[in-house]
Structures are given as C-alpha cells and as structure tokens.
Amino acid sequence: MDFSDEEELGNDVLSRKKFNFQTKQLETTEADTESYRVSFTTKEEALEWLKIYEDKSKSHWIVDKTFPNPDRYAYRHIFKCNLSKRNKTPQGIRNQQCTVLLEIKIKLITKDTRKKDPLIGKNDPPLPGIVIVRNSHNHHIEVGDSMQYLRGSENLRKIFEEYFTEMAPGQAMRLHEEKLSLKENGEILKADGHFNPLPNTVYYWHREWRKKHFGPPQHPLETLNSKCEQYEKDGTTVVVSDEAPWCVLVCTPIMKRAQALKSAGEIIFIDSTDTVDASHSNVTVISTATKIVVQSIKL
C-alpha cells in the first residue's frame, strides 16, 4: 500500500494534501497482522498519516486507548475500527462488532535507539513510527454498505456549513450529490461517507451550526441580544422582549422607508404564520400597500 503519492479526486473536499511520509511494511509471523514503520515523528504527523491510511484502505478509526505518559515512546494510541462496538448502542447501525485494532507508536530518537534500531540509526530518513494492525475486518471494505458509514472530514463539514447559510439540510444533501455526480467516478463517491455523509450526520451538523449561530432553539435570545449591536450598525433595528412569551421585533432599512409612506398610516395588512422553525415560533408580518407591491413595514 503506497502512502506517499498524491491522489487527486477533484477540488474542495475531494482533494487531499500531499504528505511525504516514507512507509515500510515489515514481514510478520502473526496471523491477520500488518506491521509498518513510518517516518512521522510527532502526534500531528501520525494523525495525518492515519488520514492517508483511511483514504487508501477505505476505513475509519476511532480512539480506543490513550497513553498520556508512555514509556520509551513519544506518542502511543490504540484505535478501533469505526464499525466496532466502541461508543455504539447495541442496535446502532454502525455497530458491527468489528474487532480490528490499529496501534500507533512513535519511538524516541535517542543515542540508544539509533544504536539498537537500524530503521532509526541507519535509515534515511529515520522511521521512528510504528503501526500495527491486528485482526481482520468482519465486514466488506470497498462496498457501498460499509463505505457509507465512513466519517466525513472537517473540510466536508465546512462545505455543508456553507450550504446551510442558504438552504435547509435536505436541499444541501441534494445539491452535494448533484455536484458529486459531475465528478469522475461520481457514483462511487456518492456511496463513500468520506465524501457523501449520511442524512443523520448532515442533520447533526445542521443542529450544531444552528446552535452556534442562533443559539439553542429553546433559548435563542442570548445569542440574538449579542448580535443586536451589529444589526443596528447595518441599519436594522431589533428589539427583544424576554418576558414570557418572548417576542422580537425586526425592522430593516427598507421597512423603515415603507413606514414613511402615506399608505402606511392609512391601511396595513397582518399575516401570521406559526411553527416556522425548530422552536415552533410564530412570525407575524405587518405590511402596507405601495404603488408596486405590498411592502413589509415590521416583522
């Protein structure tokens, strides 16, 4: 398995940065075991190598054990397959009880290790990284049923967060699949969770995005109050009443202009809609007639 070349799958989330890790696969007498020596020297580099391994092997790994102060090593972590029972409910769709373990260790580069370990002392560059993969997956790897459960990257999450500024989660998923369809091997990419996340993942990302930008649905006023000053600078007046039931009045610059019209003092229209979002809020629009259209004057 080659870990040094650059695989180009398109732009945005479908491109991967190049990392020049030297990786050497070692022979092993243990059944169902793979052993590698790698040139990474830090935790950050080890995790970057793991991302490349995930791409190449069509697998995903979650942390099982950590060793804050490992003896004789600069870093040591043990990972489990994403489809193991780790952090899963018994009936969870990702719980296939896979037993594969992946251990990453980084040897300290010292005078002693240079002398005793030829892959550190004589190899150029040194290979202090140790990767051991034990057991075999109890599920298929490069098939749609397994690939759909691969985790999306942070880069993919950022792309969906950009979608959320203009559309709902369902629309975002449809748009993303349309973009993937235009790529080479688009149908394969659509079946791969690295590039096309499951609906549950997208809705989770959307809930977290909403909470970050608008506050929790049950208590949105704190976030809104923190943004009132910026809205005022942009010309929009926002008045908040936190008495139960809470109420928010919004008046944009064009609404303020409409309030100065003669018709706004003579006749207005009121249109109210309930349960418009996750907080089940009511939205009431107050409008007036103009020579062109019915123009809102308050919200």
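Residues numbered from 1 in each chain as written. Predicted model: local features only at pLDDT ≥ 70, side-chain atom pairs only at ≥ 80, totals over all residues. Heavy atoms only, no water.

## Quick notes on the packing of helix 5 (residues 154-164) against helix 6 (residues 169-181)
Moving on, step 1. Put simply, helix 5 and helix 6 touch, their axes get as near as 9 Å, and they point 125 degrees apart. Classified by the angle their axes make, helix 5 and helix 6 are oblique. Of the two possible hands of crossing, helix 5 and helix 6 adopt the one that is right-handed. Taking contact as the criterion, the partners of Leu156, Ile159, Phe160, Tyr163 and Phe164 in helix 5 are, on helix 6, Pro169, Ala172, Met173, Leu175, His176 and Lys179.
Moving on, step 2. In the contact of helix 5 with helix 6, the residues fall into nine nonpolar, one polar and one charged. (Axes fitted to C-alpha atoms, helices over the stretch in contact; angles between N-to-C directions. Helix = DSSP H or I, 4+ residues; strand = E, 2+ residues; numbered from the N terminus. Parallel < 35°, antiparallel > 145°, perpendicular 65-115°, else oblique. Left-handed = near helix turned anticlockwise from the far one by under 90°. Contact = heavy atoms within 4.5 Å. Nonpolar A, V, L, I, M, F, W, Y, C, P; charged D, E, K, R; others polar.)

## Overview of the nonpolar core
Moving on, step 1. Within the largest apolar cluster, 23 residues are counted, with the highest numbers of intra-cluster contacts made by Phe40, Trp61, Leu102, Ile104 and Val131.
Moving on, step 2. At the level of elements, strand 2 (33-38), helix 1 (43-57), strand 4 (73-81), strand 5 (101-107) and strand 6 (129-134) are the ones that each hand at least two residues to this core.
Moving on, step 3. Per-element accounting of this core gives the leading share, five residues, to helix 1.
Moving on, step 4. Aside from chain neighbours lying at most four places away, what touches phenylalanine 40 is Phe21, Glu45, Ala46, Trp49, Ile104, Lys105, Ile106, Pro128, Gly129, Ile130 and Val131. (Core = buried A, V, L, I, M, F, W, Y, C linked by side-chain atoms within 4.5 Å. Buried < 20%, exposed > 50% of the residue type's maximum accessible area, 1.4 Å probe, protein only.)

## Focus on the pattern of salt bridges
Moving on, step 1. As enumerated under the stated definition, the model contains nine salt bridges in all.
Moving on, step 2. The residue lysine 107 makes a salt bridge to aspartate 117 at a minimum N-O spacing of 2.9 Å. Residue lysine 107 is located in strand 5, and its partner aspartate 117 is located in the loop between helix 2 (111-116) and helix 3 (118-121); the two are separated by 10 residues in the primary sequence.
Moving on, step 3. On the basis of relative accessible area, lysine 107 is assigned to the partly exposed category, the value being 24%.
Moving on, step 4. Looking at aspartate 117, the relative accessible area reads 7%, which means it is buried.
Moving on, step 5. Taking the shortest distance from any N to any O, the salt bridge between lysine 116 and aspartate 112 comes out at 3.6 Å. (Salt bridge = Lys/Arg side-chain N within 4 Å of Asp/Glu carboxyl O.)

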